[in-house]
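Each chain, letter by letter, is given below.
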Amino acid sequence: MKTKSNIERLLEAGNFVVTSECGPPRGSDPEVIRKKGALLKGVVDAVNVTDNQTSIVRMSSLSACVILKELGIDPIWQVVCRDRNRIAIQSDILGAAALGINNMLCLSGDHQSFGDNPKAKNVYDIDSTQLISVVKKLRDEGKFLGEKEEEVKGRPNLFIGAAENPFGDPFEIRAMRLGKKVKAGCEFIQTQGIYNVEKFAQWMKEVCDRGLDKQCAILAGVIPLKSAGMASYMKKSVPGMDVPDELIARLKGVPKEQQGEEGIKIAVETIQKVKEIPGVRGVHVMAIEWEEKVAEIVKAAGLSPRPE
Amino acid sequence: MIVGNRKSLEEILELVKPYKKILLLGCRECITVCAAGGEREVGVLASELKIARKKDGEEIEIKEFTLERQCDVEYIEQIKPFIDEYEAVVSMACGAGINYTADCFPKNIVLPAINTTFLGVTLEQGVWSERCQGCGECILHLTGGVCPVARCAKSLFNGPCGGSAKGVCEVDKDTDCAWQLIVDRLKAQGKLENYEKIIEIKDWSTSRDGGPRRRIREDLRITS
């Protein structure tokens, strides 16, 4: 084992892992994080903390990770390339490791035009694949970026993750794209929310054909739907989301007050289906502002209790 | 070519508010081709300014003049004999031309009438599109001739983000996803394996990030 990550340990022991997500608040109140953390503690193996998701300013991901850590949760620190250059990123990686963070998720980040500061200048000094290589270099080679490749005194032992969207276009290079991330040093992947299980299975097949599942743990992303409206919105307005019409019809087919329940059923069924797909090593349940439902979903999917 | 847009009449009126006598200076290079600051646009803006100021009872005297280029001193010097007769110069060149005119006449007021936008091409009459950001380290040989720096909203080097859908960029439905274009191009050329190579972290010091850039060709310099 390279790190003290809980999910690295569980994956190495051959467990099917479960992760979830926690979005920091639009303010400085740590209680918001503590409340969300309490709903997830013991329910999942690690919790992602998003980094100014959809480009809306929120409490920093690293700060919220530390608050979760204090509760005894193993946080997965999400980092986007949108807001920091290679100087800030290397510095934050060292800082995160010093604060006891064990997992990092390397992302490009949503474009600033979607957020509350669309007039901001984006950075994109490096991209997500290159970010993976930066962490790996610091951790495994103990070297900083730069001509001199100076030595890192105290290597940051972070378990290195990234995201992949099996439903983004062009579909034909999506497995290849994962291959680049793996080559750069990625050790686990959390996918975009899966609604089209068939297409996901097709992507997984290509991933396995390339042998990528052996080099990197694939955690299948599941986003429970709260309503038919949410499903339609995701289909229409979230680029790169694949929500089949029959799923929307299924939600529409039940009374509005029961749609949330139906959404949870769909999430549970999705987890059970993806669990059977060769190469899938875990699930990532993203209950957006619905953290209280994660325990129910994980239990119904037969994934409770979590291994020690 | 360098593409620019003329500022709005309201904005230009605000810039020239303190002045009664101005020199309106066009350029016959790129900014003429993109129909923003050539001789014709100088004429149009002069008329608009005069009409607007007359309406406000604040008449303005405007000399219209268009240089071959505002990025070469031998042309800029043509205004030397009469520039001091005017309270301000309103330049309709690109940002480079406006800067250089101001550099050549540091005591004179030089005001911009153009917002310079990008290095681009003419897609059709009246439509221009960005193609290059002048980053100083071209990788078009790796990407099938489609620049990810200029044409991807996030300047990603190793493939499309998760928001690429049906060939369209998530940021704007009228913008092609640069990485879709790159993949299509590489496929058509039978070079999709190029995509699997990781493009390493870029040296941005050759770009604007390294400060104002200079190019020196010693063999062309005239040394006395």
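Below or above, wherever it landed, is the structure these notes cover. Quantities reported herein were computed from a predicted structural model and do not represent experimental measurements.

### Regarding the overall build of chain B
Secondary structure assignment for chain B yields seven helices and seven strands. The dimensions of chain B, computed from C-alpha atoms along their principal axes, are 65 × 50 × 25 Å. Within chain B, buried positions represent 42% of all 224 residues. Once local pairs closer than 6 in sequence are excluded, the contacts in chain B between residues at least 24 apart make up 60%. Here chain B displays about 12,500 Å² of accessible surface, and carbon together with sulfur accounts for 50% of that area. Charged side chains in chain B number 31 positive and 35 negative. The centres of these two groups are separated by 1 Å.

### Comments concerning the sheet that holds strand E1 (residues 2–6) of chain B
Residues and elements named next belong to chain B. Strand order in the open sheet formed by three strands is E1-E6-E7, and the pairing between neighbours is antiparallel. Looking along the sheet, the strands with just one partner apiece sit at the ends: E1 and strand E7 (127–132). Taken pair by pair, the neighbouring strands of this sheet meet at an average axis angle of 70°, ignoring direction. When strand E6 (residues 114–124) meets E7, the two strands line up antiparallel, connected through five bridges. Bridge pairing links Leu119 to Cys132 in E7.

### Some thoughts on the packing of aromatic side chains
All names here are of chain B. For the structure on display, the rule yields five aromatic pairs over all chains. Arranged with centres 5.2 Å apart and planes meeting at 65°, the rings of Phe65 and Phe82 form a pair that is edge-to-face. Taken together, the residues Phe65 in strand E3 (residues 61–67) and Phe82 in the loop between helix H4 (73–76) and strand E4 (88–91) connect sequence positions 17 residues apart. A centroid spacing of 6.2 Å and a plane angle of 65° characterise the contact between Phe157 and Trp204, whose relative ring orientation is edge-to-face. You can see Phe157 sitting in the loop between helix H6 (148–151) and helix H7 (178–188) and its partner Trp204 sitting in the segment after H7, a full 47 residues away along the chain. Residue Phe157 shares its accessibility class with Trp204, and that shared class is buried. We note Lys63 situated over the ring of Phe82; from NZ or CZ to the ring centre the distance is 4.8 Å.

### Considering the pairing of E6(B)
Residue and element names in this part refer to chain B. Sheet topology places E1 next to E6; five bridges connect them, and they run antiparallel. Among the inter-strand pairings, Ile2 is bridged to a residue of E6, identified as Leu119. The antiparallel pairing of E6 with E7 creates a hairpin that spans two residues between the two strands, and Gly126 there sits at a positive phi of about 85°.

### Quick notes on unusual backbone geometry
For the bond from Asp169(A) to Pro170(A), the omega torsion is -15°, close enough to zero to count as cis. Positionally, Pro170(A) belongs in the loop between strand E5 (159–164) and helix H6 (174–184). A cis amide bond links Ser304(A) to the next residue, Pro305(A), at an omega of -10°. Position of Pro305(A) among the secondary structure elements: in the segment after helix H12 (294–300). The backbone of Glu289(A) sits at a positive phi, close to 50°, despite the residue not being glycine. Backbone geometry places Ser155(B), a non-glycine residue, at a positive phi of 50°. The topology assignment puts Ser155(B) in the loop between H6 and H7.

### Digging into helix H7 (residues 197–209) of chain A
All names here are of chain A. If you check H7, its first and last C-alpha atoms are 18 Å apart, about what 13 residues at 1.5 Å a residue would give, namely 18 Å. Of all the residues in H7, the buried ones are Val197, Phe200, Trp203, Met204 and Val207. The buried side chains of H7 occupy one side of the element, clustering within an arc of 120° when seen end-on. Structural note: H7 exposes Glu198, Lys205 and Asp209 on the side pointing more than 90 degrees away from its buried face. Positive backbone phi, at 75°, marks Gly211, one or two positions downstream of H7.

### Side note on the environment of Lys252(A)
Residues and elements named next belong to chain A. Looking at where Lys252 falls in the secondary structure, it is placed in helix H10 (residues 245–252). Accessibility expressed as a relative area gives 57% for Lys252, which makes it exposed. Apart from the residues lying within four places of it in its own chain, the contact partners of Lys252 are Ala228 and Gln259.

### A look at the state of the cysteines
For the coordinates displayed, the defined rule picks out zero disulfides over all chains. Considering cysteine sulfurs only, Cys71(B) is the nearest to Cys27(B), which forms no disulfide, with 6.1 Å between them.

Conventions used here
- Residues numbered from 1 in each chain as written.
- Chains lettered and ligands numbered in written order.
- Predicted model: local features only at pLDDT ≥ 70, side-chain atom pairs only at ≥ 80, totals over all residues.
- Heavy atoms only, no water.
- Helix = DSSP H or I, 4+ residues; strand = E, 2+ residues; numbered from the N terminus.
- Buried < 20%, exposed > 50% of the residue type's maximum accessible area, 1.4 Å probe, protein only.
- Contact = heavy atoms within 4.5 Å.
- Areas by Shrake-Rupley, 256 points an atom, 1.4 Å probe, with all protein chains shown as cover.
- Lys, Arg positive; Asp, Glu negative; His and termini not counted.
- Charge placed at Lys NZ, Arg CZ, Asp CG, Glu CD.
- Pairing = 2+ DSSP bridges.
- Axes fitted to C-alpha atoms, helices over the stretch in contact; angles between N-to-C directions.
- Phe/Tyr/Trp six-rings, centres within 6.5 Å; stacked < 30°, edge-to-face > 60°.
- Lys NZ or Arg CZ within 6 Å of the ring centre and 35° of its normal.
- Expected span 1.5 Å × (residues − 1).
- Arc of directions from axis to C-beta.
- Disulfide = S-S within 2.5 Å.

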